Amino acid sequence: MKKVKLDIVGLSYSQTQSGAYALVLGEVNGRRRLPIIIGAFEAQAIAIEIEKMTPSRPLTHDLFKSMADTFHINIQEIIIYNLVDGVFYAKLICNDGKNTHEIDARTSDAIALAVRFNAMIYTYEFILASAGIVIEGNDFLFLENMDSIAKEPDAETVPSASSQPGFGELTVDELQQKLQEAIADEAYEKAARLRDELHKRSSSQ
């Protein structure tokens, strides 16, 4: 089957999914987008690595990366290989220098690891054809207006950034300061909300 390379286009709160996180993957050199609702912990794990935040102690995915490095295991790529009843399925393609192995994983965990290993993200054409959305125009507006997207099993929801008191009254410098304080306190849900608020400010300028 034909594989299609994907990049991470965005990670934001979904205004139409009770404040859940929306991870959006985009077709490389194309206009199709593959949106997935994921849990708060996995969303934070992805965001922290993308934003190059440094937690005071390693998160679960960071620990996995350290163990894999210690035993010379590398994740070469991840493949989102199936979509059943609105749930995506993924696998890790790993190599220990001698053998290649496939390991089943939740899509959100696979992507959280992919960004740490700089691994390529792929899916199959039939998945993009059935679940992909063609975007014309602003990807940020797309993130804010998703109506129905597939999700991870057991994906948790969290309050949206708009429900957090005081965010709209803070300056950009104050938001940056609070973001660093939240990271230092290991308050990663708050850090993710602050990061999203900063992104919204920059996108609206």
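Residues numbered from 1 in each chain as written. Predicted model: local features only at pLDDT ≥ 70, side-chain atom pairs only at ≥ 80, totals over all residues. Heavy atoms only, no water.

In the annotation of an unreviewed UniProt entry, the entry for the protein reads BFN domain-containing protein, and the organism field reads Pedobacter jejuensis.

A. Summary view of unusual backbone geometry. Of note, the phi angle at Lys52 is positive, near 55 degrees, even though the residue is not glycine. Within the secondary structure layout, Lys52 lies in the loop between α1 (40–50) and α2 (60–70). Overall, Lys52 belongs to the exposed group, its relative accessible area being 59%. (Helix = DSSP H or I, 4+ residues; strand = E, 2+ residues; numbered from the N terminus. Buried < 20%, exposed > 50% of the residue type's maximum accessible area, 1.4 Å probe, protein only.)

B. Highlighting the nonpolar core. Counting residues in hydrophobic clusters, the biggest one holds 35 residues, and the most contacted among them are Leu25, Leu34, Ile38, Ile75, Ile78, Ile80 and Leu92. Only β1 (3–13), β2 (21–27), β3 (32–38), α1, β4 (74–84), β5 (87–95), α3 (107–117) and α4 (125–131) provide two or more residues apiece to this core. Met53, Ile183, Ala191 and Leu194 belong to the second-largest nonpolar core, a separate cluster that totals 11 residues. (Core = buried A, V, L, I, M, F, W, Y, C linked by side-chain atoms within 4.5 Å.)

C. Spatial organisation of the packing of aromatic side chains. Scanning all chains against the criterion turns up two aromatic pairs. A ring pair is formed by Tyr81 and Tyr89, whose centres lie 6.5 Å apart and whose planes are at 50 degrees; its orientation type is tilted. Their ring planes at 15 degrees and their centres at 6.3 Å tell us that Tyr124 and Phe126 sit as a pair that is stacked. Here the basic side chain of Lys3 rests over the ring of Tyr122, its NZ or CZ set 4.4 Å away from the ring centre. Here the basic side chain of Lys65 rests over the ring of Phe117, its NZ or CZ set 5.1 Å away from the ring centre. (Phe/Tyr/Trp six-rings, centres within 6.5 Å; stacked < 30°, edge-to-face > 60°. Lys NZ or Arg CZ within 6 Å of the ring centre and 35° of its normal.)

D. Layout of the environment of Glu77. Topologically, Glu77 is positioned in strand β4. With relative accessibility at 17%, the residue Glu77 sits in the buried group. Between the C-alpha atoms of Glu77 and Phe117, which are 40 residues apart in sequence, the distance is 8.8 Å. If we skip the residues at most four places from it in the chain, Glu77 touches Lys3, Lys91, Leu92, Ile93, Ala119, Met120 and Tyr122. Side chain to side chain, Glu77 and Lys3 meet in a polar contact 2.8 Å long. (Contact = heavy atoms within 4.5 Å. Polar contact = N/O pair within 3.5 Å; in protein donor to acceptor, adjacent residues only side chain to side chain.)

E. Summary view of a nonpolar patch on the surface. A grouping of Leu63, Met67, Phe71 and Ile73 is seen on the molecular surface, where their side chains present a nonpolar patch of about 410 Å² in accessible area. Looking at where Met67 falls in the secondary structure, it is placed in helix α2. Classification of Met67 as partly exposed rests on a relative accessible area of 47%. (Patch = residues over 30% accessible without salt bridge, like charges linked within 9 Å, V, L, I, M, F, W, Y side chains within 5 Å. Areas by Shrake-Rupley, 256 points an atom, 1.4 Å probe, with all protein chains shown as cover. Salt bridge = Lys/Arg side-chain N within 4 Å of Asp/Glu carboxyl O.)

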